Amino acid sequence: EGDLQRVLRERRDKPAAEGLFDQDRKRPLPRFPRRIAMVTSPTGAAVQDFLKVLDRRWQQASVVIVPTRVQGNGAAAEIAQGIALVPRLRQEVDLVVVGRGGGSLEDLWAFNEEAVVRAIAASPIPVISAVGHEIDVSLSDLVADVRALTPSEAAELAVPDRSDLKEHLAGITRRLGRALSGRASESRMQLEAVA
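Reading the values: the criteria
Position numbers for residues start from 1 in each chain and track the written sequence from start to end. Local features in a predicted model are, by the rule used here, given only for residues with pLDDT of at least 70; side-chain atom pairs are given and counted only at 80 or more, and totals for whole chains, interfaces and linings are based on all residues. Remark: hydrogens and water are excluded; side-chain values derive from all non-hydrogen atoms of the structure. Lines fitted to the C-alpha atoms define the axes, with helices restricted to the stretch that makes contact. Angles between their N-to-C directions range from 0 to 180 degrees. Helix numbers and strand numbers start at the N terminus; a helix is a DSSP run of H or I with at least 4 residues, a strand a run of E with at least 2. Angles below 35 degrees are treated as roughly parallel, those above 145 as roughly antiparallel, those between 65 and 115 as roughly perpendicular, and all remaining angles as oblique. Throughout, a crossing is termed right-handed when the near helix is turned clockwise from the far one, and left-handed when it is turned anticlockwise from it by less than a right angle. Should any heavy atoms of two residues lie within 4.5 Å, those residues are considered in contact. Ten residue types, Ala, Val, Leu, Ile, Met, Phe, Trp, Tyr, Cys and Pro, are classed as nonpolar, four, Asp, Glu, Lys and Arg, as charged, and the remainder, Gly among them, as polar. Exposed residues in this analysis have more than 50% of their type's maximum accessible area, buried residues have under 20%, and partly exposed residues fall in between, with area computed by a 1.4 Å probe over protein chains only. Two rings from Phe, Tyr or Trp (for Trp, the six-membered ring) form a pair when their centres are within 6.5 Å of each other. A pair whose planes differ by under 30 degrees is stacked, one over 60 is edge-to-face, and the rest are tilted. Definition of nonpolar core: a set of buried residues of the types Ala, Val, Leu, Ile, Met, Phe, Trp, Tyr and Cys, connected through side-chain atoms within 4.5 Å. For two strands to count as paired, DSSP must find a minimum of two bridges between them.

What follows concerns the packing of helix α2 (residues 45-57) against helix α6 (residues 151-158). One way to put it is that α2 packs onto α6 with a least axis distance of 8 Å and a crossing angle of 30°. In this view, α2 runs roughly parallel relative to α6, as classed from their interaxial angle. α2 and α6 meet at a crossing whose hand is right-handed. Facing α2, whose interface residues are Ala46, Asp49, Phe50, Val53, Leu54, Arg56 and Arg57, α6 presents Pro151, Ser152, Ala154, Ala155 and Glu156. Broken down by class, the residue content of the contact of α2 with α6 amounts to seven nonpolar, one polar and four charged.

Next comes the structure, spelled out in structure tokens:
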């Protein structure tokens, strides 16, 4: 693993020098995404975790899975192709999530490959990288618009919580009601003073 860490440090230098990890190139996520593409293995736990949290928080977003291998030979090329495919899907996508569940550094290595880093950087759609667990940091995480610590957190970052939104709207409704009631009382008093 020491050799892999050394290679990772070396691979980080080139995209960093090009400004691909700079904060000022990162885009905000859409507040209410209608369609989310998830580039990952369709059989991994990451998909189930993501969908479970998404369903609990915000059911108005649909998800399309772009199936790829997430480890092993050829995985990086598949991931990069999957990211590049998303803007060409028939239905418009508002947000891309790229990732997988945890594993060893070797298991997560595809997300440190230059092809994946460049595909994320070139994406015209905002990207959340959700690779591994909290302690894992990949080059995909550094180049993405937002890094999620886990696929579950990616779902939390991707969509609002409908219960929070309902509470916020209820508060606005109460304030509007009080404001209108106050205005009506003020207008009534002005009419009585004129009469």
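What follows concerns the packing of helix α3 (residues 75-85) against helix α4 (residues 114-122). Closest axis-to-axis distance for the α3/α4 pair is 8 Å, and the angle between their directions is 10°. With respect to α4, the axis of α3 lies roughly parallel. Every residue of α4 that contacts α3 at Ala76, Ile79, Ala80 and Ile83 is listed here: Ala115, Val116, Ala119 and Ile120. Of the residues assigned to the contact of α3 with α4, the class counts are eight nonpolar, no polar and no charged.

Note that glycine 99 resides in strand β3 (residues 95-100). Residue glycine 99 is classed as buried on the basis of its relative accessible area, which comes to 1%. In this structure, the C-alpha to C-alpha distance between glycine 99 and threonine 40, residues 59 residues apart in sequence, is 5.7 Å. In contact with glycine 99, not counting residues within four places along its chain, are Val39, Thr40, Val70, Phe111, Ala130 and Val131.

A few words on the packing of aromatic side chains. Here the structure, examined in full by the defined rule, presents one aromatic pair. Aromatic pair phenylalanine 32 and tryptophan 58: ring centres 5.6 Å apart, planes at 35°, arrangement tilted. One end of the pair, phenylalanine 32, is in the loop between α1 (2-17) and β1 (35-40); the other, tryptophan 58, is in the loop between α2 and β2 (62-67), and 26 residues separate them in sequence. Judged by relative accessible area, phenylalanine 32 falls into the partly exposed class, the value being 39%.

All right, on to the nonpolar core then. Counting residues in hydrophobic clusters, the biggest one holds 32 residues, and the most contacted among them are Val39, Ile79, Ile83, Val86, Val96, Val98 and Ile120. Those elements that provide at least two residues to this core are β1, β2, α3, β3, α4, β4 (127-131) and α5 (139-143). Of all the elements, α3 adds the most residues to this core, at five residues. Look past the residues within four positions of isoleucine 120 in its chain and what remains in contact with it is Ile83, Val127, Ser140, Val143 and Ala144. Membership of the second largest hydrophobic core comes to 17 residues, among which are Val53, Ala61, Leu95 and Ala130.

Turning next to the environment of valine 131. Checked against the element boundaries, valine 131 lands in strand β4. On the basis of relative accessibility, which here comes to 2%, the residue valine 131 falls in the buried class. For the pair formed by valine 131 and alanine 148, sequence separation is 17 residues and the distance between their alpha carbons is 7.6 Å.

With that settled, the discussion passes to the sheet that holds β2. The strand order across the open sheet built from five strands is β2-β1-β3-β4-β5, with neighbouring strands paired in parallel fashion. Strands at the two margins of the open sheet, each flanked by one partner only, are β2 and β5 (146-147). By the bridge criterion, five bridges tie β3 to β4 in an arrangement that is parallel. Looking at β4, one finds that valine 97 is bridged to isoleucine 128.

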